[in-house]
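# Fold and contact review
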Amino acid sequence: MRFVSDDPPSALVDRMSQTFLKKNGDIREVLKTMFQSPEFWSDAAYRAKVKTPLEFVVSAVRATGANVTDALPMARQLNQLGMPLYGMQPPTGYSMKEDAWVNSSALLGRMNFSLALMSGKIRECNSTRIT
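Residues numbered from 1 in each chain as written. Predicted model: local features only at pLDDT ≥ 70, side-chain atom pairs only at ≥ 80, totals over all residues. Heavy atoms only, no water.

Turning our attention to the overall build of the protein chain. On a plain count of helices and strands, the protein chain comes out with six helices and two strands. Overall, the protein chain shows an N-to-C arrangement of helices and strands of α-α-α-β-α-α-α-β. Relative to the compact-globule value of 14 Å for 131 residues, the protein chain shows a C-alpha radius of gyration of 18 Å, a clear excess of over 25%. Here the protein chain, with 131 residues, has 29% of them falling under the buried criterion. A sequence separation of at least 24 residues applies to 67% of the contacts in the protein chain between residues at least 6 apart. Total accessible area on the protein chain stands at roughly 9,000 Å², and carbon and sulfur atoms take up 57% of it. (Helix = DSSP H or I, 4+ residues; strand = E, 2+ residues; numbered from the N terminus. Rg over C-alpha atoms; globule rule 2.2 N^0.38 Å. Buried < 20%, exposed > 50% of the residue type's maximum accessible area, 1.4 Å probe, protein only. Contact = heavy atoms within 4.5 Å. Areas by Shrake-Rupley, 256 points an atom, 1.4 Å probe, with all protein chains shown as cover.)

Residues Leu54, Val58, Leu85 and Tyr86 make up a contiguous nonpolar surface patch of about 430 Å² in total accessible area. With respect to the helices, strands and loops of the structure, Tyr86 is situated in the loop between α4 (72-80) and α5 (98-101). (Patch = residues over 30% accessible without salt bridge, like charges linked within 9 Å, V, L, I, M, F, W, Y side chains within 5 Å. Salt bridge = Lys/Arg side-chain N within 4 Å of Asp/Glu carboxyl O.)

Let us now look at the pattern of salt bridges. Per the counting criterion, the structure on display carries four salt bridges. Arg15 is the partner of Glu39 in a salt bridge, and the nearest nitrogen-oxygen pair spans 2.4 Å. With Glu39 in the loop between α2 (27-35) and α3 (53-64) and Arg15 in helix α1 (residues 10-22), the pair connects residues that are 24 residues apart, well separated along the chain. Residue classification places Glu39 among the buried positions, given a relative accessible area of 14%. Judged by its relative accessible area of 31%, Arg15 is partly exposed.

What follows is the structure, given as structure tokens:
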């Protein structure tokens, strides 16, 4: 579910499970099974997953080399993107599934965050890799 699709092919899940059992839980070997599978490289899996708002914000800050001196503005951005820190009541946490994070409002929020980050409008977060 994390890397291929919200509903991964059962054949791939079975192969990964067999590798897990055969290799005594060696996650590296399980991931090799996934990366070498035709399902992982299929057209159906290409761009089938979307980052959660937390993953999106963290990767954007890392990619821009932003210097975050106060995390509160980033936490506010996560609130605006629908994923407040520690805000999910069930212990299972926020959904990783696409339908929870892909809609027109979410896309607009991500674009607005990106523009604010790149233009230096997020207080206490200065981007150093603007090109």
